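Structure assessment
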Amino acid sequence: MSSSSSSSEISAQEGVGEELIPVDENVLQKHAGFFDRNGDGVVYPWETFQGFRAIGCGFLLSIASAIFINFSHSRKTRPGKFPSLLFPIEVKNIQRGKHGSDSGVYDTEGRFIQEKFEEIFNKHANTYTNALTNDELKAMLKANRVPKDYAGWLGGYVEWKLLYDLCKDKNGLLQRDDIAAVYDGSLFERLEKKRSADNKK
Ligand code: HEM
Ligand SMILES: [Ca+2]
């Protein structure tokens, strides 16, 4: 057996540059974990707000996102039936925050599914191999829609719109590397570093 296919393996994901993503990992926890600013396993609305500010989002967008995200994810990720009025999100249960009409790149356990990631580009990247235009992104969202799953349509729209607005390049393209990096949260770390470097200038 080659070293690249042992059970505790780290697999190089083809096309994702140098990025190494452990195969058995719940990468969705990393995506959400960026926003757990004090690392206690729970994301409170003010932490979502701080995380959004840290990656360069404006004040109002950060407030609106914190309300929307914590409101929609808190109940699903918490134990028991009762909502908490502080709207915490439990990172260890974040896969329960998955909705319909998504790309399927995260599976039900929050793992990164390479084939589904490739499918985004095979199906929708018609102009450039490694990037999506705004129209292609819209077409993808439409194609992912499960009939009458309005909450899922909204969730998908918000996630991809946020990503597009944060990362589109000067030609209005969303690059494959940026899409790959949002899944494991490394994009957020990169944007945070860039922002603090820009602030020091
Ligand atoms: C600027 C901040 C954020 C951006 C750009 C973003 C973007 C995305 C994108 C593009 C997806 C993939 C959707 C798909 O595969 O169709 C996603 C999924 C997800 N995100 Fe975020 N996200 C952000 C913040 C957050 C926060 C703060 C949380 C919770 C603490 C969160 C929880 C989730 C969950 C649970 C999913 C899985 C949805 C699914 O696959 O059904 N995200 N996000
Ligand atoms: Ca926390």
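The coordinates are above.
Read on for a plain summary of the structure.

Criteria and cut-off values
Residues numbered from 1 in each chain as written. Chains lettered and ligands numbered in written order. Predicted model: local features only at pLDDT ≥ 70, side-chain atom pairs only at ≥ 80, totals over all residues. Heavy atoms only, no water. Near = heavy atom within 4 Å. Polar contact = N/O pair within 3.5 Å; in protein donor to acceptor, adjacent residues only side chain to side chain. 1 Å grid on protein atoms, 1.4 Å probe; cavity = no way out; pocket = protein on both sides within 12 Å on 5 of 7 lines; lining within 4 Å. Sits in = over half its atoms within 2 Å of the grid points. Helix = DSSP H or I, 4+ residues; strand = E, 2+ residues; numbered from the N terminus. Nonpolar A, V, L, I, M, F, W, Y, C, P; charged D, E, K, R; others polar. Expected span 1.5 Å × (residues − 1). Buried < 20%, exposed > 50% of the residue type's maximum accessible area, 1.4 Å probe, protein only. Points joined across faces, edges and corners; volume = space filled by probe spheres on them. Donors = N, O, S within 2.8 Å, 3.2 Å for Na, K, Ca; no water. Contact = heavy atoms within 4.5 Å.

In the region of ligand 1, 25 residues are neighbours, and H31, H99, D102, S103 and Y183 sit closest. Contact between ligand 1 and K98: an oxygen atom at 3.4 Å from a side-chain N or O atom of the residue. H99 places a polar main-chain atom, nitrogen or oxygen, 2.9 Å from an oxygen atom of ligand 1. According to the grid-proximity analysis, the pocket containing ligand 1 is the largest pocket. Looking at the shell around ligand 1, the elements that each hand over two or more residues are helix 1 (27-33), helix 2 (45-54), helix 3 (59-77), helix 6 (150-167) and helix 7 (176-183). No other element matches helix 6, which puts 5 residues into the shell around ligand 1. In terms of residue class, the shell around ligand 1 is made up of 16 nonpolar, 6 polar and 3 charged.

A few words on the environment of D177. Within the element layout of this structure, D177 appears in helix 7. Separated by 46 residues in sequence, D177 and A131 place their C-alpha atoms 8.6 Å apart.

Another aspect to go through is helix 6. If you check helix 6, its first and last C-alpha atoms are 26 Å apart, about what 18 residues at 1.5 Å a residue would give, namely 26 Å. Among all positions of helix 6, only G152, G155, G156, W160, L162, L163, Y164 and C167 are buried.

With that out of the way, let us pick up the layout of surface pockets. Of the voids in this model, the largest pocket is the one considered here, and its volume is about 930 Å³. H31, H73, H99, G155 and E159 are the residues nearest the centre of the largest pocket, which is lined by 38 residues in total. Elements supplying a minimum of two residues to the lining of the largest pocket: helix 1, helix 2, helix 3, helix 6, helix 7 and helix 8 (186-200). The element contributing the most residues to the lining of the largest pocket is helix 6, with 10 residues. Classifying every residue of the lining of the largest pocket gives 23 nonpolar, 10 polar and 5 charged.

The textbook angles at a metal center are 109.5 degrees for a tetrahedron of four donors and 90 or 180 degrees for an octahedron of six. From the protein, the iron atom of ligand 1 takes a single donor atom, H31 (NE2), 2.1 Å away. With respect to the helices and strands, the residue H31 is situated in helix 1.

Attention now goes to the environment of T127. The topology assignment puts T127 in the loop between helix 4 (114-124) and strand 5 (131-132). Sequence spacing of T127 and P45 is 82 residues, and the spatial spacing of their C-alpha atoms is 39 Å. Filtering out sequence-adjacent residues up to four positions away, T127 remains in contact with T133 and E136. Polar side-chain contacts of T127 include one of 2.5 Å to the side chain of E136.

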